[in-house]
Amino acid sequence: MVNPGNEFAALHDAPAPLLLPNAWDHASASMLAAAGFRAVGTTSLGVAAAAGRQDGARSNRAETLRVAGILGGGDFLLSVDAEDGYSDDPAEVADFARELAAAGAVGLNLEDGRPDGTLAAPELHAAKIAAVKAAVPDLFVNARTDTCWLDRQHAETMPRLRAYQDAGADCLFVPGISDPRRIALLVGKIDRPLNVLYRPGGPGIAELGGLGVRRVSLGAALATASAIREGRPADECGQGAPGYAEVQRLAEAGTAAAN
């Protein structure tokens, strides 16, 4: 019997990039699995919004674990977006990773973006990654840096990626990068699969694969997953769909009602 964690890791070595759609809840995950996606991730934005909460505020640890418990062990491979691990204590992040693995997750996304919009010190994020890999060696850790997200701090990207790679990350995620030249440059300088976020109007899946990208995340672009996989025109692949800020705004009502 194939170890699900090993199978998930192997998807990053396939001829074409792993296209990872992101579910908000059980219904959307089931829909994506029925559409033929072998692996499905959660999106912290979607999980928070579905619960009427704000993303990135460290208030979604219990909800993230609850959703993982519902989705884990199903007929698809589950990777969980855990924001920054919901703590600055690497040991607490490792404990959360154990809980996610016990719930059936085979992958974990950890980001260095902080709730206040700044970036965590690279040493701290690297310590979280190392703690998780020591606690749950088979859990596939996708280490995300937000240096390019919202067009910030590009010069820090490569040093952070190297630090996270050295800490044991299995994959390196740079959302916000879409320029083919810069993508190819990163691919040539790291020793891990590169994960990028699909951007409408940017390179398509085939072009990203040609640049050496091994994983393409769709973020909260739930309704367009099949269109992106099939290489349809950009106007069918996310144009007009609500963006991050709009979903956050819509979730504010739920946050206010809960307080």
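**Q** Before we move on, can you summarise the environment of E123 with the specific residues and values?
**A** In this fold, E123 is placed in helix α6 (residues 122-135). Placed 41 residues apart in sequence, E123 and Y164 show a C-alpha to C-alpha distance of 8.7 Å.

**Q** Would you mind going over the nonpolar core in detail, with residue names and values included?
**A** One finds L100, L108, V132, L194 and V216 to be the most contacted residues of the largest nonpolar core, which totals 53 residues. At 4 residues, helix α5 (residues 90-102) tops the list of elements feeding residues into this core. Those residues in contact with L108 that sit more than four places away from it in its chain are S79, V80, A82, A97, L100, V132, L139, F140, V141 and N142. In this structure, F8, A39, L77 and C171 belong to the second largest nonpolar core, which totals 8 residues.

**Q** So what's going on with the sheet that holds strand β3 (residues 39-42)? Residues and values would help.
**A** Here 9 strands make up an open sheet; going across it, the order is β1-β9-β8-β7-β6-β5-β4-β3-β2 and the pairing parallel. Across the chains shown, the open sheet's two edge strands, defined by having one partner strand only, are β1 (18-20) and β2 (22-23). Here strand β5 (residues 107-111) runs beside strand β6 (residues 140-144); their pairing, made up of 5 bridges, is parallel. Looking at β6, one finds that N109 is bridged to N142.

**Q** Just give me the short version of empty space enclosed by the protein, but keep the residues and values in it.
**A** Evaluation of the coordinates by the stated rule reveals 1 cavity of 30 Å³ or more. Contributing to the lining of the largest cavity are I177, S178, I183, V196, L197, Y198, R199, G202, P203 and L208. Each residue belonging to the lining of the largest cavity can be placed in one class, and the counts come to 7 nonpolar, 2 polar and 1 charged.

**Q** I'd love a proper account of the side chain of N142, names of residues and values included.
**A** Its place among the elements puts N142 in strand β6. A polar atom in the side chain of N142 sits 2.9 Å from the side chain of N195. Excluding residues within four positions of it along the chain, N142 makes contact with L108, N109, L110, C171, L172, F173, N195 and R215.

**Q** Got a sec to walk through the pairing of β5? Specific residues and values, please.
**A** Most of β5 is tucked away: 5 of the 5 residues are buried. On β5, burial covers both faces: G107, N109 and E111 on one face and L108 and L110 on the other are all buried. The sheet contact formed by strand β4 (residues 77-81) and β5 spans 3 bridges and is parallel. The residue of β5 that forms the bridge with S79 is G107. In the classification by handedness, the crossover that spans β4, the intervening α5 and the parallel β5 is right-handed. Between the parallel elements β5 and β6, the chain passes through α6 in a crossover that is right-handed.

**Q** Quick one: what's the story with the layout of surface pockets, residue by residue and with numbers?
**A** Roughly 170 Å³ of volume is contained in the second largest pocket. What lines the second largest pocket is L11, A14, A16, P17, L18, L19, G36, F37, R38, A39, I205 and R229. Per-class residue counts for the lining of the second largest pocket are 9 nonpolar, 1 polar and 2 charged.

**Q** Give a description of α5 that names residues and reports values.
**A** In this model, α5 (13 residues) spans 18 Å end to end at C-alpha, consistent with the 18 Å of a helix rising 1.5 Å per residue. Lining the buried residues of α5 we find α4 (61-71), β4, β5 and α6. Looking at where α5 begins, the residue whose side-chain oxygen comes 2.9 Å from the main-chain nitrogen of A91 is D89.

**Q** Got a sec to walk through the side chain of N22? Specific residues and values, please.
**A** Looking at the secondary structure, you find N22 in strand β2. You can call N22 buried: its relative accessible area is 8%. Engagement of the side chain of N22 in a polar contact is seen with the backbone oxygen of T42, the distance being 3.4 Å. A distance of 3.4 Å separates a polar side-chain atom of N22 from the backbone nitrogen of L218.

Rules of the game
Residues numbered from 1 in each chain as written. Predicted model: local features only at pLDDT ≥ 70, side-chain atom pairs only at ≥ 80, totals over all residues. Heavy atoms only, no water. Helix = DSSP H or I, 4+ residues; strand = E, 2+ residues; numbered from the N terminus. Core = buried A, V, L, I, M, F, W, Y, C linked by side-chain atoms within 4.5 Å. Buried < 20%, exposed > 50% of the residue type's maximum accessible area, 1.4 Å probe, protein only. Contact = heavy atoms within 4.5 Å. Pairing = 2+ DSSP bridges. 1 Å grid on protein atoms, 1.4 Å probe; cavity = no way out; pocket = protein on both sides within 12 Å on 5 of 7 lines; lining within 4 Å. Points joined across faces, edges and corners; volume = space filled by probe spheres on them. Nonpolar A, V, L, I, M, F, W, Y, C, P; charged D, E, K, R; others polar. Polar contact = N/O pair within 3.5 Å; in protein donor to acceptor, adjacent residues only side chain to side chain. Right-handed = clockwise from strand over helix to strand, strands pointing away. Expected span 1.5 Å × (residues − 1).

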